[in-house]
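Per-entry structural report
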Amino acid sequence: MKLAIKGIIFDMDNTLLRSRIDFESMKIETYQFLASRGILPKDFSLQDHTSSTIIDIASKNGMMTDELLREMWEIPKKFEMLGMQNVVLESGVVELLHDLKGKYRMVIVTNNSIAAAETALREHEILHFFDTVVGRELMRSLKPSPDGFLYILDRFRNISAEEWISVGDAWIDGKASASAGIKFISYRGDKLKMENMSVYPSAEIADIREIKNYL
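Residues numbered from 1 in each chain as written. Predicted model: local features only at pLDDT ≥ 70, side-chain atom pairs only at ≥ 80, totals over all residues. Heavy atoms only, no water.

Let's talk about the overall build of the chain
The number of helices and strands found in the chain is 8 helices and 8 strands. Over its C-alpha atoms the chain spans a radius of gyration of 17 Å, differing by no more than 12% from the 17 Å that the globule rule assigns to 215 residues. Once the C-alpha set of the chain is aligned to its principal axes, its extents read approximately 50 × 40 × 30 Å. Out of the 215 residues in the chain, the part that is buried amounts to 52%. A sequence separation of at least 24 residues applies to 66% of the contacts in the chain between residues at least 6 apart. Carbon and sulfur atoms provide 50% of the accessible area of the chain, an area that totals close to 10600 Å². A gap of 3 Å separates the mean positions of the 27 positive and 32 negative side-chain charges of the chain. (Helix = DSSP H or I, 4+ residues; strand = E, 2+ residues; numbered from the N terminus. Rg over C-alpha atoms; globule rule 2.2 N^0.38 Å. Buried < 20%, exposed > 50% of the residue type's maximum accessible area, 1.4 Å probe, protein only. Contact = heavy atoms within 4.5 Å. Areas by Shrake-Rupley, 256 points an atom, 1.4 Å probe, with all protein chains shown as cover. Lys, Arg positive; Asp, Glu negative; His and termini not counted. Charge placed at Lys NZ, Arg CZ, Asp CG, Glu CD.)

Points about the side chain of Asp13
Here Asp13 shows up in the loop between strand 1 (7-10) and strand 2 (17-18). Although Asp13 lies buried, it forms no salt bridge, and the closest oppositely charged side chain, Lys143, sits 7.7 Å away as judged by the N-O distance. Here Asn112 takes part through its side chain, which lies 2.7 Å from a polar atom of the side chain of Asp13. (Salt bridge = Lys/Arg side-chain N within 4 Å of Asp/Glu carboxyl O. Polar contact = N/O pair within 3.5 Å; in protein donor to acceptor, adjacent residues only side chain to side chain.)

Some remarks on the sheet that holds strand 5 (residues 132-134)
Spatial ordering of the open sheet is given by 5-4-1-6-7-8, a layout of 6 strands whose pairing is parallel. Two strands lie at the open edges of the sheet, namely strand 5 and strand 8 (203-205), each paired on one side alone. Taking the axes of each pair of neighbouring strands and ignoring which way they run, one obtains an average angle of 25 degrees across the sheet. Sheet topology places strand 1 next to strand 4 (residues 105-109); 4 bridges connect them, and they run parallel. Counterpart to Ile8 in the pairing with strand 4 is Met106. (Pairing = 2+ DSSP bridges. Axes fitted to C-alpha atoms, helices over the stretch in contact; angles between N-to-C directions.)

A word on the side chain of Ser186
Relative to the assigned elements, Ser186 resides in strand 7 (residues 183-187). Overall, the relative accessible area of 3% leaves Ser186 in the buried class. Contact partners of Ser186, with chain neighbours within four places excluded, come to Gly168, Met194, Pro201, Ala203, Glu204 and Ile205.

Description of the environment of Leu192
With respect to the secondary-structure elements, Leu192 resides in helix 8 (residues 191-196). For Leu192, a relative accessible area of 55% puts it in the exposed group. Once the C-alpha coordinates of Leu192 and Val94 are considered, the two residues, 98 residues apart in sequence, prove to be 29 Å apart.

Brief notes about the nonpolar core
Counting residues in hydrophobic clusters, the biggest one holds 49 residues, and the most contacted among them are Phe10, Leu34 and Phe130. Ranked by residues supplied to this core, first place goes to helix 1 (residues 23-36) with 5 residues. Leaving out residues up to four positions away in the same chain, Phe10 has contacts with Leu16, Leu96, Leu97, Met106, Val107, Ile108, Val109, Phe130, Val167 and Ile211. Core analysis: the second largest hydrophobic core is formed by 16 residues, Met139, Leu142, Ile159 and Ile182 among them. (Core = buried A, V, L, I, M, F, W, Y, C linked by side-chain atoms within 4.5 Å.)

Quick word on the packing of helix 1 against helix 2 (residues 51-59)
Contact pair helix 1 / helix 2: the axes reach a minimum separation of 9 Å and the direction vectors enclose 20 degrees. Classified by the angle between their axes, helix 1 and helix 2 sit roughly parallel to one another. Taken as a pair, helix 1 and helix 2 cross one another with a handedness that is left-handed. On the side of helix 1, the interface is formed by Phe23, Met26, Lys27, Thr30, Tyr31 and Leu34, while helix 2 contributes Ser51, Ile54, Ile55 and Ala58. For the contact of helix 1 with helix 2, a count of residues per class yields 7 nonpolar, 2 polar and 1 charged. (Parallel < 35°, antiparallel > 145°, perpendicular 65-115°, else oblique. Left-handed = near helix turned anticlockwise from the far one by under 90°. Nonpolar A, V, L, I, M, F, W, Y, C, P; charged D, E, K, R; others polar.)

This is how it looks when you write it as structure tokens:
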């Protein structure tokens, strides 16, 4: 028997907020930092990677000192803070959140820092709609790892994976969601990129308010 949806996991950048973060430059600068210190090879292919997957590989190869980790994290932090300036909400977000408030658990799982995420959400007066914001400080590995989603499942133990849905714009959101056993909805995602990364959303939407069709 199909279980009723009780909770929604939102990505933040380009799902709730129209991000101005330069993700490509963030990825390149992060890689250059790691390659220049011999942590990653000079011929490392960036095509199928994001900043988060590069950081994950570097963090697990046993060569990162605490000092290098601190220096490395300053790079995404810099791009996040710049990208959070003058951002706007995706169309329909406020209307959707008002409609869903009190009916579902609503949480955010983002690779951003908690401080950067909460600051942006507070400035747009939508932070109070969410039960919690899971940023990178609460994950052992960033999306596409399922750690952030597993954190939510552990925190809300009365809601099974089948009773959650997640929504995001990127393949890393879909991969993380599927790995946690949670149904994924693609919001204006790159279909070809998702297929190339073996991510197959349960649905694709072009307006964030369309989530209500799957609840």
